[in-house]
Amino acid sequence: MAEPTKVITEIFGPFQDSINAEQDIRELIRSIMKDIEKSLRETVIAMQVIHSEVNCEYIHHSLLKARSLFEEVQKGFDWLDKTVPPGQYYRYNDHWRFSTQRLCFLAALIVFLEKGFLIDQVTAAQMLGLHDKENIHLDLEDYLHGLLNLASELARFAVNSVTLGDYSRPLQISKFVAELNAGFRLLNLKNDSLRKRFDALKYDVKKIEEVVYDISIRGLTPKASAEDAAD
């Protein structure tokens, strides 16, 4: 029995070493993600000012703070890139997938507030610090999830803008989300989490349209903005 036992030990011994090595990598990834998620939460808090303020100075200050927090996120992804073994992105990406989707959403919100247009995947990757990495990248599905999360946030933003007396913002949001919806309809999405999330986009569009309709029938729509929205 000694010889068979030795053979079994030689076969299974390295397995434990492999398991231990993977567990060490996952623990290190979790540690890195704690720092990234801390910056993520602080960015979410900073961006909440848009739902309670119309003062451009306050909003501008929050955008600057959010930009500085993204610099911390970039440092985190730099370290993460050094931690993930080459060619094993999909083995470990469950640790950062959700956070990356949220960060894409925040990056898209920042660009919308600053410039008024839709962020592309390359720019989103640059903001997150994922554009020049060897072992990690910005997955297309995570980018698209971020855009769908943006639509939900803008639906809320449209309602709160009216509450704060800003009647032109919902018109801008309505046009933007309508174009975003048209873009997603060009995609042949399969029946997965992205497809299910896309199905909820129509409710965001409807909610924004109702806001625009309400302010329009009350004569609160700025004329120039109304003509732009109609175009």
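None of these values were measured; they are calculated from a predicted model.

Calculation criteria
- Residues numbered from 1 in each chain as written.
- Predicted model: local features only at pLDDT ≥ 70, side-chain atom pairs only at ≥ 80, totals over all residues.
- Heavy atoms only, no water.
- UniProt positions renumbered as here; feature names shortened; annotations may be inferred.
- Helix = DSSP H or I, 4+ residues; strand = E, 2+ residues; numbered from the N terminus.
- Buried < 20%, exposed > 50% of the residue type's maximum accessible area, 1.4 Å probe, protein only.
- Contact = heavy atoms within 4.5 Å.
- Polar contact = N/O pair within 3.5 Å; in protein donor to acceptor, adjacent residues only side chain to side chain.
- Expected span 1.5 Å × (residues − 1).
- Arc of directions from axis to C-beta.
- Phe/Tyr/Trp six-rings, centres within 6.5 Å; stacked < 30°, edge-to-face > 60°.
- Axes fitted to C-alpha atoms, helices over the stretch in contact; angles between N-to-C directions.
- Parallel < 35°, antiparallel > 145°, perpendicular 65-115°, else oblique.
- Left-handed = near helix turned anticlockwise from the far one by under 90°.
- Nonpolar A, V, L, I, M, F, W, Y, C, P; charged D, E, K, R; others polar.
- Salt bridge = Lys/Arg side-chain N within 4 Å of Asp/Glu carboxyl O.

### Observations concerning the UniProt feature "binding site: Mg(2+)" (unreviewed entry) in the protein
Okay, so step 1: Under the UniProt annotation, "binding site: Mg(2+)" (unreviewed entry) lies at E153.
Okay, so step 2: With respect to the helices and strands, E153 occurs in helix α6 (residues 140–163).
Okay, so step 3: Of the residues examined, E153 reaches a relative accessible area of 13% and is grouped as buried.
Okay, so step 4: Discounting chain neighbours no more than four positions away, the residues touching E153 are Q48, H51, F105 and L109.
Okay, so step 5: Of note is the side chain of E153, whose polar atom sits 2.7 Å from the side chain of H51.

### Here we look at helix α9 (residues 201–217)
A turn of α-helix holds 3.6 residues, and therefore any two residues three or four places apart point the same way.
Okay, so step 1: Counted at 1.5 Å a residue, the expected span for α9 with its 17 residues is 24 Å, and the 25 Å between its end C-alpha atoms agrees.
Okay, so step 2: Burial in α9 covers these residues: L201, D204, V205, I208, V211, V212 and I215. Angularly, the buried residues of α9 cover 125° about the axis, an arc narrow enough to put them on a single face. Residues Y203, Y213 and I217 are exposed on α9 and point more than 90 degrees away from its buried face.
Okay, so step 3: Just beyond α9, the residue with positive phi is G219, at close to 70°.

### Considering the packing of aromatic side chains
Okay, so step 1: One pass over the structure, following the stated rule, counts 4 aromatic pairs.
Okay, so step 2: Consider the rings of F112 and F176, whose centres lie 4.7 Å apart with planes at 55°: the pair is tilted. Of the two residues, F112 is situated in helix α4 (residues 97–115) and F176 in helix α7 (residues 169–184); the sequence distance between them amounts to 64 residues.
Okay, so step 3: Considering the side-chain rings of F184 and F198, the 5.8 Å spacing of their centres and the 25° angle between planes classify their relative orientation as stacked. Of this pair, F184 sits in helix α7 while F198 sits in helix α8 (residues 193–199); the two residues are 14 residues apart in sequence, bridging distant segments of the chain.
Okay, so step 4: Residue F198 is classed as buried on the basis of its relative accessible area, which comes to 8%.
Okay, so step 5: Connected via pairs of aromatic rings, a cluster forms that spans Y89, Y90 and W96.

### A look at the side chain of S62
Okay, so step 1: If you trace the backbone, S62 turns up in helix α2 (residues 56–83).
Okay, so step 2: We classify S62 as buried; its relative accessible area is 9%.
Okay, so step 3: Polar side-chain contacts of S62 include one of 3.4 Å to the backbone oxygen of A46.
Okay, so step 4: Ignoring anything within four residues of it in the chain, the contact list for S62 reads A46, M47 and V49.

### Digging into α2
Okay, so step 1: Spanning 28 residues, α2 covers 41 Å between terminal C-alpha atoms, matching the ideal 40 Å at 1.5 Å per step.
Okay, so step 2: If you check which residues of α2 are buried, you get I59, S62, L63, A66, L69, F70, V73, G76, F77, L80, D81 and T83.
Okay, so step 3: Sitting at the head of α2, N55 places a side-chain oxygen 2.8 Å from the backbone nitrogen of E57.

### Thoughts on the packing of α6 against α7
Okay, so step 1: Relative to each other, α6 and α7 sit at 155°, their axes nearing to 10 Å. Classed by the angle they form, the pair α6 and α7 counts as roughly antiparallel. Pair α6 / α7 crosses with left-handed handedness. Mapping the contact onto sequence places L144, L147, L148, L150, A151, L154, F157, A158, S161 and V162 in α6 and R169, P170, I173, F176, V177, L180 and F184 in α7.
Okay, so step 2: Of the residues contributing to the contact of α6 with α7, the split by class is 15 nonpolar, 1 polar and 1 charged.

### Observations regarding the environment of P86
Okay, so step 1: Looking at the secondary structure, you find P86 in the loop between α2 and α3 (89–92).
Okay, so step 2: Judged by relative accessible area, which is 65%, P86 ranks as exposed.
Okay, so step 3: For the pair P86 and L63, spaced 23 residues apart in the sequence, the C-alpha separation amounts to 35 Å.

### What to know about the pattern of salt bridges
Okay, so step 1: Throughout the structure, instances matching the rule amount to 11 salt bridges.
Okay, so step 2: Here R30 and E27 are joined by a salt bridge, their closest N and O atoms 2.7 Å apart. A residue pair is termed a helical-turn pair when its members lie 3 or 4 positions apart in one helix, as R30 and E27 do in helix α1 (residues 2–47) at 3 residues.
Okay, so step 3: In this structure, K133 engages D132 in a salt bridge whose closest nitrogen and oxygen atoms are separated by 3.1 Å.
Okay, so step 4: Overall, K133 belongs to the buried group, its relative accessible area being 17%.
Okay, so step 5: Residue class for D132 comes out exposed when judged on its relative accessible area of 51%.

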